[in-house]
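A structural walkthrough
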Amino acid sequence: MGPIRGLKRRKKAEKGIDRNGAHTSPGNQAHQGLDWWEDFSKRITGLSSQSQDPPKFESFLKISRRTFSYICSLVKEEMMAKPANFIDLNGKLLSPNDRVAVALRRLSSGESLSSVGNLLGLNQTTVAQITWRFVEAMEQRGLHHLRWPTAMEEIKLKFEKIGGLPNCCGVIDTTHIMMCLSTTDRASDVWHDKGKNHSMIVQAIVDPDMRFLDIVTGWPGSLCDSVVLKSSSFFRLCEEGKRLNGKKIEVPEETELREYVIGDVGFPLLEWLLTPYQGCRLSDSQVEFNKRISATQLAAQRALARLKETWRIINGVMWRPDKNRLPRIILVCCLLHNIVIDLDDKVQREMPVSDHHDSGYQQQVCQSTDKTASIIRDKLSLYLSGSLLS
């Protein structure tokens, strides 16, 4: 499968979900959920002894029961559509909830197929098949949780409160998903990055609430950030004026500032992509502008860190992954990340926030600068510092 370059909005959420994302089913559903978890938790290795307490739902799956119920409602139809009698080692047929729990455990823990299988009393092939079916189901049913907004005003206001940057619509950043590839893989050199690892790149555009607005993945780690950007549909749409094409604002000296995203120095400076000033001898206004950029960039850094911390299958080093399936797994992890935010999941709210997601990688530097964008950035930085009055 080629790189995932863009995502289309799904028309409506699935039936049985209210506007807040809660599962709307008969009143006894919550009680049934409790009964299901009590039964499921008893399967976990080491719980045969009555003296041991079963694991907590939230610590085992890293999400709340409400979020789990919603995810089950999304994928149940797809996961049960294909004929497959998934059973545990005791011959018991796995319910839809069982299957979703198996997949979420695999994605959230990052444990090997055999480890998850041993923990839950399943054959590792069964774990692999269930997880992949879940990925396929989420691709079919969950894409409406990752889309480019139709209205940007709230997002722009939030970004302006964070760093004082007017008309900013997002933050772009990249991270590496590291892999251990076979020495006999003839294409392994393509995936060898500057950090001396085999990796796949994820490019993300993030809103101020750490939600993903656009995802690009599938490209080898050997490529620089600017190349990945210019190969994306997001770049093409922006260059054609079909994205970031909302209301322009005026800064002094009759300069129009279109909607834009911000990125680090690894990206080119464009009219719709503003980056920090480079060099040591910067003016006071340039230093202040860089500080505003840095404060705003935290949203993307924290989003990517949270993505890897929560869905640990893409954290660390993946052992010989299928490089055709990996982009789809990454996409589903991003969908799950957004669902957790959309449902205001209490478990995630209590997790510590980090902004470290690419340890061991040096900052890339792109020297590509658009002349008009450079002028706009200069005038914006002077205006924000008070050197130019409106």
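A short tour of the structure in this document, coming up. (Residues numbered from 1 in each chain as written. Predicted model: local features only at pLDDT ≥ 70, side-chain atom pairs only at ≥ 80, totals over all residues. Heavy atoms only, no water.)

Thoughts on the packing of aromatic side chains
Using the criterion set out here, one finds 13 aromatic pairs in the structure. For the pair Trp-36 and Phe-57, a centre-to-centre distance of 6.5 Å together with 75° between the ring planes defines the contact as edge-to-face. Of this pair, Trp-36 sits in helix α1 (residues 29-42) while Phe-57 is found in helix α2 (residues 57-61), placing the two residues 21 residues apart along the sequence. Measuring from centroid to centroid gives 5.4 Å for Phe-57 and Phe-68, while their planes differ by 80°, and the two rings are edge-to-face. Remark: Phe-68 occurs in helix α3 (residues 65-81) and Phe-57 occurs in helix α2; sequence separation between them is 11 residues. Residue classification places Phe-57 among the buried positions, given a relative accessible area of 2%. A relative accessible area of 4% places Phe-68 in the buried class. Chaining the aromatic ring pairs together yields one cluster made of Trp-36, Trp-37, Phe-40, Phe-57, Phe-60 and Phe-68. (Phe/Tyr/Trp six-rings, centres within 6.5 Å; stacked < 30°, edge-to-face > 60°. Helix = DSSP H or I, 4+ residues; strand = E, 2+ residues; numbered from the N terminus. Buried < 20%, exposed > 50% of the residue type's maximum accessible area, 1.4 Å probe, protein only.)

Section: the packing of helix α6 (residues 124-141) against helix α11 (residues 326-342)
Taken N-terminus to C-terminus, the directions of α6 and α11 make an angle of 65°; their axes are 9 Å apart at the nearest point. Note on packing geometry: the crossing formed by α6 with α11 is left-handed. Between α6, through Trp-132, Phe-134, Val-135, Glu-136, Met-138 and Glu-139, and α11, the contact on the second element is made entirely by Arg-328, Ile-329, Leu-331, Val-332, Leu-335, Leu-336 and Ile-339. For the contact of α6 with α11, the per-class residue count stands at 10 nonpolar, no polar and 3 charged. (Axes fitted to C-alpha atoms, helices over the stretch in contact; angles between N-to-C directions. Left-handed = near helix turned anticlockwise from the far one by under 90°. Contact = heavy atoms within 4.5 Å. Nonpolar A, V, L, I, M, F, W, Y, C, P; charged D, E, K, R; others polar.)

Re helix α7 (residues 153-163)
Buried within α7 are the following residues: Ile-155, Lys-156, Phe-159 and Gly-163. In a view along the axis of α7, the buried residues occupy a sector of 95°, so they form one face of it. Opposite the buried face of α7, at more than 90 degrees from it, the exposed residues are Glu-154, Leu-157 and Lys-161. Of the surrounding secondary structure, the elements contacted by the buried residues of α7 are β1 (168-180), β2 (198-206), β3 (212-220) and α10 (284-310). Once α7 ends, the next one or two residues include Gly-164, with phi positive near 75°. (Arc of directions from axis to C-beta.)

Quick notes on the pattern of salt bridges
This model, assessed by the stated rule, comprises 18 salt bridges. Ionic pairing is found between Arg-211 and Asp-342, a salt bridge with its closest N-O pair at 2.6 Å. Within this pair, whereas Arg-211 is found in the loop between β2 and β3, its partner Asp-342 is found in helix α11, the two being separated by 131 residues in sequence. Relative accessible area serves as the criterion here: at 32%, Asp-342 is assigned to the partly exposed category. Several salt bridges converge on common partners, so that one network encompasses Glu-77, Glu-78 and Arg-141. (Salt bridge = Lys/Arg side-chain N within 4 Å of Asp/Glu carboxyl O.)

With respect to the nonpolar core
Formed by 101 residues in total, the largest nonpolar core has its most connected members in Phe-68, Leu-104, Phe-134, Phe-212 and Trp-272. The dominant element in this core, judged by the number of residues it contributes, is α11, at 11 residues. Counting contributing residues, this core receives three or more from each of domain 1 (36-144) and domain 2 (147-322 + 345-385). (Core = buried A, V, L, I, M, F, W, Y, C linked by side-chain atoms within 4.5 Å. Domains from an automatic or database assignment.)

Observations concerning the pairing of β1
With 11 of its 13 residues buried, β1 lies for the most part within the structure. Where β1 lies against strand β6 (residues 260-262), 3 bridges are found, and the strand directions are parallel. Across the sheet, residue Cys-168 finds its bridge partner in β6, namely Tyr-260. Pairing between β1 and β2: 9 bridges, direction antiparallel. The partner of His-176 across the bridge, within β2, is Ile-201. Bridge analysis of β1 against strand β8 (residues 317-319) gives 3 bridges, and the strand direction is parallel. Considered in β8, the bridge of Met-178 is made with Val-317. (Pairing = 2+ DSSP bridges.)

Quick notes on the environment of Lys-62
Relative to the helices and strands, Lys-62 resides in the loop between α2 and α3. Classification of Lys-62 by relative accessible area gives partly exposed; the value is 22%. Counting along the chain gives 285 residues from Lys-62 to Val-347, while the straight-line C-alpha distance between them is 6.7 Å. The contact partners of Lys-62, leaving out residues within four places of it in the chain, are Phe-57, Ser-108, Glu-309, Thr-310, Arg-312, Val-347 and Gln-348. Here Ser-108 takes part through its backbone oxygen, which lies 3.2 Å from a polar atom of the side chain of Lys-62. A polar contact is formed between the side chain of Lys-62 and the backbone oxygen of Glu-309, at a distance of 3.3 Å. (Polar contact = N/O pair within 3.5 Å; in protein donor to acceptor, adjacent residues only side chain to side chain.)

Let's talk about the environment of Lys-196
Relative to the helices and strands, Lys-196 is located in the loop between β1 and β2. Measuring from C-alpha to C-alpha, the distance between Lys-196 and Tyr-361 comes to 9.2 Å, with 165 residues separating the pair along the chain.

A closer look at the side chain of Arg-258
With respect to the secondary-structure elements, Arg-258 resides in the loop between β5 (255-257) and β6. It turns out Arg-258 is buried and unbridged, and the closest side chain with the opposite charge, Glu-271, is 5.5 Å from it. Only 3.2 Å separates the side chain of Arg-258 from the backbone oxygen of Arg-243, close enough to count as a polar contact. Among residues more than four places away in sequence, those in contact with Arg-258 are Asn-167, Cys-238, Arg-243, Leu-244, Lys-248, Glu-271 and Trp-272. (Lys, Arg positive; Asp, Glu negative; His and termini not counted.)

Note that every value here comes from positions in space, so none of it alone points to a role or purpose.
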